[in-house]
Amino acid sequence: MTSHLDATRDSYDTVAEDYAVRVGQLFDQEPIGRAMLAAFAEQVRGPVVDVGCGPGHVTAHLASLGLDVSGVDLSPKMVEIARRQYPDLRFSVGSMTALDLPDGELGGLVAWWSIFHLPPEVLPALFAEFRRTLAPGGRLLVGFHVGDERLSPEKAYGHPVTYDAYLLDPGRVAGLLAQAGFEVAARLTMEGRKLPQACLAARAV
């Protein structure tokens, strides 16, 4: 496993319990983000994977919208929490950069603030992997933090961490998705938090 994945996995194993409490509270306060997920759910036909699912709150929300959804996360501790909180759903440990899925199996894929720790140079290969797993016409929803900066925090959620984080330009992300075989159907930017956020909805072509 490459160093950035090791750092991300180990850091989220460390913060997992406190992260699970905090992120659930934040999700409850994000009606606009939930609206994007609802629109995604209306358009999907077939199974869905929530990559970088963390403690499983978004996976569970998608299931409540009627989707056949499972979650994948790099952190074994996060997957342990997700399985504990949502025992009726399927969660597995794995990397979004190398999904253990056949080509063209999915109707939809969600990466909800989960590409935050991947170096920008990794994104073309990541989006190609997303496209590989989606059937033609399959739907993709990607949420990320907006900017042009690499962050190297020493602490998060009250614990020491060793990961880096990357702020991304929505136009560049849209261009990389197009190169990977996606057609961007909608963009949403959200202000007001510490870091601006963006969501891109796309269709596999």
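These numbers were taken from a predicted model, which means no experiment stands behind them.

1. Things to note about the packing of helix H2 (residues 31-43) against helix H3 (residues 57-64)
Turning to step 1, where the next piece is worked out: Here H2 crosses H3 at 50°, and the two axes come no closer than 10 Å. On the basis of their axis angle, the class for H2 and H3 is oblique. The handedness of the crossing between H2 and H3 is right-handed. Contact residues: Arg-34, Leu-37 and Phe-40 in H2; Val-58, His-61 and Leu-62 in H3.
Turning to step 2, where the next piece is worked out: When grouped by side-chain class, the residues that make up the contact of H2 with H3 number 4 nonpolar, 1 polar and 1 charged.

2. Looking at the packing of aromatic side chains
Turning to step 1, where the next piece is worked out: In this structure the tally under the stated criterion is 5 aromatic pairs.
Turning to step 2, where the next piece is worked out: On the basis of an interplanar angle of 90° and a centroid distance of 5.5 Å, the ring pair of Tyr-12 and Tyr-19 is categorised as edge-to-face.
Turning to step 3, where the next piece is worked out: By relative accessible area, Tyr-19 is classed as buried at 15%.
Turning to step 4, where the next piece is worked out: With a centroid separation of 5.0 Å and an interplanar angle of 75°, the aromatic rings of Tyr-19 and Tyr-157 are classed as edge-to-face. Of this pair, Tyr-19 sits in helix H1 (residues 3-28) while Tyr-157 sits in the loop between strand E7 (155-156) and strand E8 (159-160); the two residues are 138 residues apart in sequence, bridging distant segments of the chain.
Turning to step 5, where the next piece is worked out: Grouped by ring-pair contacts, the aromatic residues Tyr-12, Tyr-19, Tyr-157 and Tyr-163 constitute a single cluster.

3. Topic: the sheet that holds strand E5 (residues 134-145)
Turning to step 1, where the next piece is worked out: Spatial ordering of the open sheet is given by E3-E2-E1-E4-E5-E11-E10, a layout of 7 strands whose pairing is mixed. Lying at the two open borders of the sheet, with one neighbouring strand each, are strand E3 (90-93) and strand E10 (182-190). On average, each strand axis in the sheet is inclined to that of its neighbour by 15°, with strand direction left out of account.
Turning to step 2, where the next piece is worked out: As judged from the 4 bridges shared by strand E2 (residues 69-73) and E3, these two strands associate in the parallel manner. Within E3, the residue paired with Gly-71 across the bridge is Phe-91.
Turning to step 3, where the next piece is worked out: Sheet strands in contact with H3 are strand E1 (48-51), E2, E3 and strand E4 (106-112), and its direction is about 170° off that of E2.
Turning to step 4, where the next piece is worked out: Sheet strands touched by helix H5 (residues 123-133): E1, E4, E5, E10 and strand E11 (197-204). Its angle to E5, the strand with the most contacts, is close to 145°.

Conventions we followed
Residues numbered from 1 in each chain as written. Predicted model: local features only at pLDDT ≥ 70, side-chain atom pairs only at ≥ 80, totals over all residues. Heavy atoms only, no water. Axes fitted to C-alpha atoms, helices over the stretch in contact; angles between N-to-C directions. Helix = DSSP H or I, 4+ residues; strand = E, 2+ residues; numbered from the N terminus. Parallel < 35°, antiparallel > 145°, perpendicular 65-115°, else oblique. Left-handed = near helix turned anticlockwise from the far one by under 90°. Contact = heavy atoms within 4.5 Å. Nonpolar A, V, L, I, M, F, W, Y, C, P; charged D, E, K, R; others polar. Phe/Tyr/Trp six-rings, centres within 6.5 Å; stacked < 30°, edge-to-face > 60°. Buried < 20%, exposed > 50% of the residue type's maximum accessible area, 1.4 Å probe, protein only. Pairing = 2+ DSSP bridges.

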